[in-house]
Amino acid sequence: MTPPPLRRVSLFALILVSVSLRAEAQTDEQPKRIHVIVALCDNATQGIQPVGKRIGDGDKPDDNLYWGCSDGLREWFKKSANWTLEKTERADLAKDPDAKILRILTFKHRSGAAILIAEAWRGRNIREATLSYFDKLIDSSDTAPDFVAYIGHNGLMDFSLPSDLSTATEKPKDTAVLCCRSRPFFDESLVARQASPMLMTEQLMYPGSFLLEAALEGWMKGETTEQLRDRAARAYQKNQKISFRAARGIFSDL
């Protein structure tokens, strides 16, 4: 039997309310926040195997191996189908010629699930960049990141962290450290800050930003560290043209 008009209207209203509530729930869900510290490659001041002069100038991010080259953070994420560049900030060198952070980029994941902020630190300021990375791990502000990453040379091979570096945190972070042999050098300090390593390395390696994107895609889906390791290994295998087994051995079993 056909229901009376009033009943049909009531049923339609209930459907509208249900759809509205679901939309509000989706809108209220805040995107994940990702913060990336990039220490620009610098032949002159870092203990690295020298690279080409142009890509190894830690004062020029636009050409730098870890920022402006095809696998560098700026270029890799700009060309990614998964991310869109929302904002670019440049240091005003006329006012502050010794600025430590030369570029700040903000990307948004096309799904709306995450916002990524990346900082390009002057190469000679790698120590300050590393300290900033550890500061982000204990950030408990309203805008604190959920995931913190470091990309660059492993400065802890060349210098030590201060003994009084703060370790207190209310919001433990997930993290990735993409530099040569990061787990042996960073692990103790990460434990002290209650950080949860998602991707670390065991060997000398090339920290191209294709690794970060691969790991983040799995992280946003809630994948395990084993799955993230496999994602990174596949990306490294493709980039370096080596076997999957060799690529997987680069990354730590967490």
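None of these values were measured; they are calculated from a predicted model.

Caption draft 1: Summary view of the nonpolar core. Core analysis: the biggest nonpolar cluster contains 42 residues, and Val 36, Leu 73 and Leu 212 have the highest contact counts within it. At 7 residues, helix 5 (residues 209–220) tops the list of elements feeding residues into this core. When neighbours within four sequence positions are excluded, Leu 212 is seen to be in contact with Val 36, Leu 73, Phe 77, Phe 147, Ala 149, Ile 151 and Leu 178. Formed by 20 residues, the second largest nonpolar core is a distinct cluster that contains Ile 37, Phe 134, Leu 165 and Cys 179.

Caption draft 2: Looking closely at helix 6 (residues 225–240). Over its 16 residues, helix 6 extends 22 Å from the first C-alpha to the last, a length consistent with the 22 Å expected when each residue adds 1.5 Å. Residues Leu 228, Arg 229, Arg 231, Ala 232, Ala 233, Ala 235 and Tyr 236 constitute the buried set of helix 6. In this structure, the buried residues of helix 6 make contact with strand 7 (196–199), helix 5 and helix 7 (244–249). In the segment just after helix 6, Lys 241 is the residue with positive phi, at about 60 degrees.

Caption draft 3: Here's a closer look at the pattern of salt bridges. For the structure shown, the criterion picks out 14 salt bridges. A salt bridge links Asp 59 to Arg 124; the shortest N-O distance between them is 3.3 Å. Taken as a pair, Asp 59 in the loop between strand 1 (32–39) and helix 2 (73–79) and Arg 124 in the loop between strand 4 (114–121) and helix 3 (126–137) lie far apart in primary sequence, 65 residues in all. The class for Asp 59 is partly exposed, based on a relative accessible area of 34%. Arg 124 sits in the partly exposed class, given a relative accessible area of 41%.

Caption draft 4: The arrangement of the pairing of strand 1 in detail. The buried fraction of strand 1 is high, at 6 of 8 residues. Where strand 1 meets strand 4, 8 bridges bridge the pair, whose relative direction is parallel. Opposite Val 36, over in strand 4, you have Ala 118 as the bridge partner. Note that strand 1 and strand 5 (residues 147–151) share 5 bridges and pair parallel. Bridged to Ile 37 within strand 5 is Tyr 150.

Caption draft 5: Highlighting the packing of aromatic side chains. Tallying each qualifying case throughout the model produces 12 aromatic pairs. Here the aromatic rings of Tyr 133 and Phe 186 are separated by 6.1 Å at their centres, their planes lie at 75 degrees, and the arrangement is edge-to-face. Remark: Phe 186 occurs in helix 4 (residues 182–192) and Tyr 133 occurs in helix 3; sequence separation between them is 53 residues. Take Tyr 133: its relative accessible area is 0%, and that puts it in the buried class. According to the relative accessible area criterion, Phe 186 is buried, its value standing at 0%.

Caption draft 6: The arrangement of the state of the cysteines in detail. Counted according to the given criterion, the structure contains 0 disulfides. A disulfide-free cysteine, Cys 180 has its sulfur positioned 6.8 Å from the sulfur of Cys 179, the nearest such atom.

Caption draft 7: Quick look at helix 3. An ideal rise of 1.5 Å per residue puts 16 Å on 12 residues; helix 3 measures up with 17 Å between its terminal C-alpha atoms. Those residues of helix 3 lying buried are Ile 126, Ala 129, Thr 130, Leu 131, Ser 132, Tyr 133, Phe 134 and Leu 137. Elements in contact with the buried residues of helix 3: strand 1, strand 4, strand 5, strand 6 (174–178) and helix 4.

About the criteria used
Residues numbered from 1 in each chain as written. Predicted model: local features only at pLDDT ≥ 70, side-chain atom pairs only at ≥ 80, totals over all residues. Heavy atoms only, no water. Core = buried A, V, L, I, M, F, W, Y, C linked by side-chain atoms within 4.5 Å. Buried < 20%, exposed > 50% of the residue type's maximum accessible area, 1.4 Å probe, protein only. Helix = DSSP H or I, 4+ residues; strand = E, 2+ residues; numbered from the N terminus. Contact = heavy atoms within 4.5 Å. Expected span 1.5 Å × (residues − 1). Salt bridge = Lys/Arg side-chain N within 4 Å of Asp/Glu carboxyl O. Pairing = 2+ DSSP bridges. Phe/Tyr/Trp six-rings, centres within 6.5 Å; stacked < 30°, edge-to-face > 60°. Disulfide = S-S within 2.5 Å.

By themselves, these are just geometric observations and shouldn't be taken as functional.
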